[in-house]
Amino acid sequence: MSFFEKSVEEVVKDVQNGDVSAASLVEKSLKIISEKNGEINAFITVCDDYARKTAQNLDKLSAQDKKKLPLCGIPVAVKDNISTKGIRTTCGSKMLENYVPTYDAHVVEELKKAGAIIVGKTNMDEFAMGSSNETSYFGIVKNPRDLQRVPGGSSGGSAAAVAADMAPLAIGSDTGGSIRQPASYCGIVGLKPTYGFVSRYGLIAFASSLDQIGPMAQTVDDMEYLLRIIATSDSRDSTNCGKSYAGFEQKDVKNAIIGLPKEYLSDDLPANVRKLFDEKVKYLKDKGAKFIDISLENMKHAIATYYVVATAEASSNLSRFDGVRFGFRSKEGKTLDEMFKFTRAQGFGEEVKRRIMLGTYVLSSGYYDAYYLKAAQVRSLIVKDFENAFAKCDVILSPVTPSPAFKIGEIGDPLQMYLNDIYTVSVNLAGCSGLSLPMGKVDGLPVGIQVMAANFKGEYAYAVSKELEKTN
């Protein structure tokens, strides 16, 4: 059962017409959070007082003023690496355990202007570094579909919140699959937009050339409706495209040319996942879509390239957390150097320290050319592969993950954990968009299908996704 029995857009109209109050929607959300968050741990901070007060103020508005608010009264969950003025923003880390921003991220500004109500900040892998939501300082998030399993990461809290009906909409961030993979594991819809489509202003950076904020929802239409709100021009982000999104042009799926990358569909893909994928391909063929085989030959280097580029950028971005300006400061150490050392050793978790060390190594003298420069060159080849593919097709179809969600604690080897991103990291390296939606179930657990589109060319991705959704 979903939070609403109708679309978010329809519920907004009910609120605007006075048929439903914003207060009742907030109370429903907070009630479900109160009942379920203890076992799922999707939220780090729940904004009870703020949400209730905001809802009361919205309900006092005139009908005319409400009609100016496209998300009037809708509860939204926000990932805890996105700045919220006056609301604690932790990045799932001891380093920022008590940090309260003095400003809102651009997407939060847009949510508030649209009349959305932030009900809480969602749990996440520490500094967005993880694929399972097991690295958070605030505890492991559990998958609402099976509490013995992970929800995926790093936006696992946002995915779990939507899947458990704690909120109808959520905001996540995606650096190497951190929206799409948890969406797949939790059986919801999640979009990693084209890089630059949504402003990153106020997103606490992990890897700046890869990070992208995106929407998560129960349906494709609700996801796209939220995208309209957050994808607006912002001069404060130098990488922002400078355009506001007004909706995808309607396309007919029977005119779509869909690419099937042989590298994603090799013999390594488990038979039960491949069976579901082939069923979706056949369905689209029956609807008139045309399929072609394509090759993304440098995808075999994507994981290695990603973890060199991402860790190098993380090493630089996280250097600001030194105990001097803000955040956690160790009480140990008699000298400045000792204070730095103890602060970072105690403030960061093991996975974050691992990636900082790796990133510092690949940027160091004598290794920069061998690792970082080589990774940058391979990244250019991956970009070219996608450009060549999209010259032949409108969208590319693939699984999101090679399997359903694994059990908590099942994967202890960091390198094996990194391989969970095998089908998603190339999209971030190329900068194009990737949408995850439910494909079916394997052993009773959801798995997702990924619809990839060229930069700022999401029309057919939306059409194909809407058609595939009919089969669920």
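If you're wondering where the values come from, they're calculated on a predicted model, not measured in any experiment. (Residues numbered from 1 in each chain as written. Predicted model: local features only at pLDDT ≥ 70, side-chain atom pairs only at ≥ 80, totals over all residues. Heavy atoms only, no water.)

Topologically, Thr232 is positioned in the loop between α8 (220-230) and β7 (257-261). A polar contact of 3.3 Å, which involves the side chain of Thr232, links it to the side chain of Glu110. If sequence neighbours within four positions are ignored, Thr232 has contacts with His106, Glu110, Asn240, Lys243 and Ser244. (Helix = DSSP H or I, 4+ residues; strand = E, 2+ residues; numbered from the N terminus. Polar contact = N/O pair within 3.5 Å; in protein donor to acceptor, adjacent residues only side chain to side chain. Contact = heavy atoms within 4.5 Å.)

Let us look at the nonpolar core. Side chains of nonpolar character tend, in soluble globular proteins, to be buried together. In this structure, Leu71, Phe127, Phe386, Leu397 and Val464 are the most contacted members of the largest nonpolar core, which totals 146 residues. Ranked by the residues each element gives to this core, the list is headed by helix α10 (residues 302-317), at nine residues. Look past the residues within four positions of Leu71 in its chain and what remains in contact with it is Val8, Val12, Leu111, Ala114, Gly115, Ala116, Leu169, Tyr225, Leu226 and Ile229. Core analysis: the second largest hydrophobic core is formed by six residues, Tyr185, Ala405, Ile411 and Met417 among them. (Core = buried A, V, L, I, M, F, W, Y, C linked by side-chain atoms within 4.5 Å. Buried < 20%, exposed > 50% of the residue type's maximum accessible area, 1.4 Å probe, protein only.)

This part covers the environment of Lys251. Position of Lys251 among the secondary structure elements: in the loop between α8 and β7. Considered as a pair, Lys251 and Gln56 are 195 residues apart in the sequence and their alpha carbons are 40 Å apart. Setting aside residues no more than four positions away along its own chain, Lys251 makes contact with Glu459, Tyr460 and Ala463.

Under the criterion given, the structure shown has 24 salt bridges. Here Lys251 and Glu249 are joined by a salt bridge, their closest N and O atoms 3.5 Å apart. Take Lys251: its relative accessible area is 32%, and that puts it in the partly exposed class. In this structure, Lys470 engages Glu467 in a salt bridge whose closest nitrogen and oxygen atoms are separated by 3.4 Å. Residues participating in the shared-partner salt-bridge network are Glu109, Asp234 and Arg236. (Salt bridge = Lys/Arg side-chain N within 4 Å of Asp/Glu carboxyl O.)

To continue, consider the packing of α10 against helix α12 (residues 350-363). One can describe the packing of α10 onto α12 by two numbers: an axis separation of 7 Å at closest approach and a directional angle of 100°. Between α10 and α12, the angle falls in the class roughly perpendicular. Residues Tyr307, Val308, Thr311, Ala312 and Ser315 of α10 pack against Arg355, Ile356, Leu358, Gly359, Thr360, Val362 and Leu363 of α12. Split by residue class, the contact of α10 with α12 holds seven nonpolar, four polar and one charged. (Axes fitted to C-alpha atoms, helices over the stretch in contact; angles between N-to-C directions. Parallel < 35°, antiparallel > 145°, perpendicular 65-115°, else oblique. Nonpolar A, V, L, I, M, F, W, Y, C, P; charged D, E, K, R; others polar.)

Before going further, it helps to spend a moment on a nonpolar patch on the surface. A cluster of nonpolar side chains, Leu358, Tyr361, Tyr367 and Tyr371, forms an exposed patch at the surface whose accessible area comes to about 360 Å². You can see Tyr371 is positioned in helix α13 (residues 368-390). (Patch = residues over 30% accessible without salt bridge, like charges linked within 9 Å, V, L, I, M, F, W, Y side chains within 5 Å. Areas by Shrake-Rupley, 256 points an atom, 1.4 Å probe, with all protein chains shown as cover.)

Before going further, it helps to examine the pairing of strand β11 (residues 445-453). Most of β11 sits out of view: nine of its nine residues are buried. Of the two faces of β11, the one carrying Leu445, Val447, Ile449, Val451 and Ala453 and the one carrying Pro446, Gly448, Gln450 and Met452 are both buried. As paired strands, strand β9 (residues 395-399) and β11 are joined by five bridges and run antiparallel to one another. The residue bridging Pro399 from the neighbouring strand is Ile449, located in β11. Where strand β10 (residues 433-442) meets β11, nine bridges bridge the pair, whose relative direction is antiparallel. Paired with Gly434 across the bridge in β11 is Met452. (Pairing = 2+ DSSP bridges.)

Let us now look at the pairing of strand β4 (residues 169-174). Each regular strand carries side chains that alternate between the two faces of the sheet. Among the six residues that make up β4, six are buried, leaving the element largely enclosed by the rest of the structure. Alternating positions in β4 separate into two faces, Leu169, Ile171 and Ser173 on one and Ala170, Gly172 and Asp174 on the other, with burial throughout. The sheet contact formed by β4 and strand β6 (residues 212-217) spans six bridges and is antiparallel. Of the residues in β6, the one forming a bridge with Ala170 is Met216.

Within helix α1 (residues 8-16) the residues assigned to the buried category are Val8, Val11, Val12, Asp14, Val15 and Gln16. Of the surrounding elements, those touching the buried residues of α1 are α2 (22-40), α4 (63-66), β4 and α8. Taken from the residues just after α1, Gly18 is the one with a positive phi, measuring 85°.

Now for the environment of Arg329. Along the chain, the position of Arg329 falls in the loop between α10 and α11 (336-347). The partly exposed category is assigned to Arg329, whose relative accessible area is 47%. Engagement of the side chain of Arg329 in a polar contact is seen with the backbone oxygen of Gly323, the distance being 2.5 Å. At a separation of 3.4 Å, a polar atom in the side chain of Arg329 contacts the main-chain carbonyl oxygen of Val324.

Read across the sheet, 11 strands follow the order β1-β3-β2-β4-β6-β5-β10-β11-β9-β7-β8 without closing on themselves; strand pairing throughout is mixed. Each edge of the sheet is formed by a strand with only one pairing partner; in this case those strands are β1 (43-46) and β8 (290-294). Within this sheet the neighbouring strands show an average axis-to-axis angle of 30°, counted without direction. As judged from the five bridges shared by strand β2 (residues 75-79) and strand β3 (residues 117-122), these two strands associate in the parallel manner. Residue pairing across strands places Val78 opposite Lys121, the latter belonging to β3. Seen against the sheet, helix α9 (residues 271-286) touches β7, β8, β9, β10 and β11 and runs at an angle of roughly 115° to β10. Relative to the sheet, α13 contacts β8, β9 and β11, its axis offset from that of β9 by approximately 120°.

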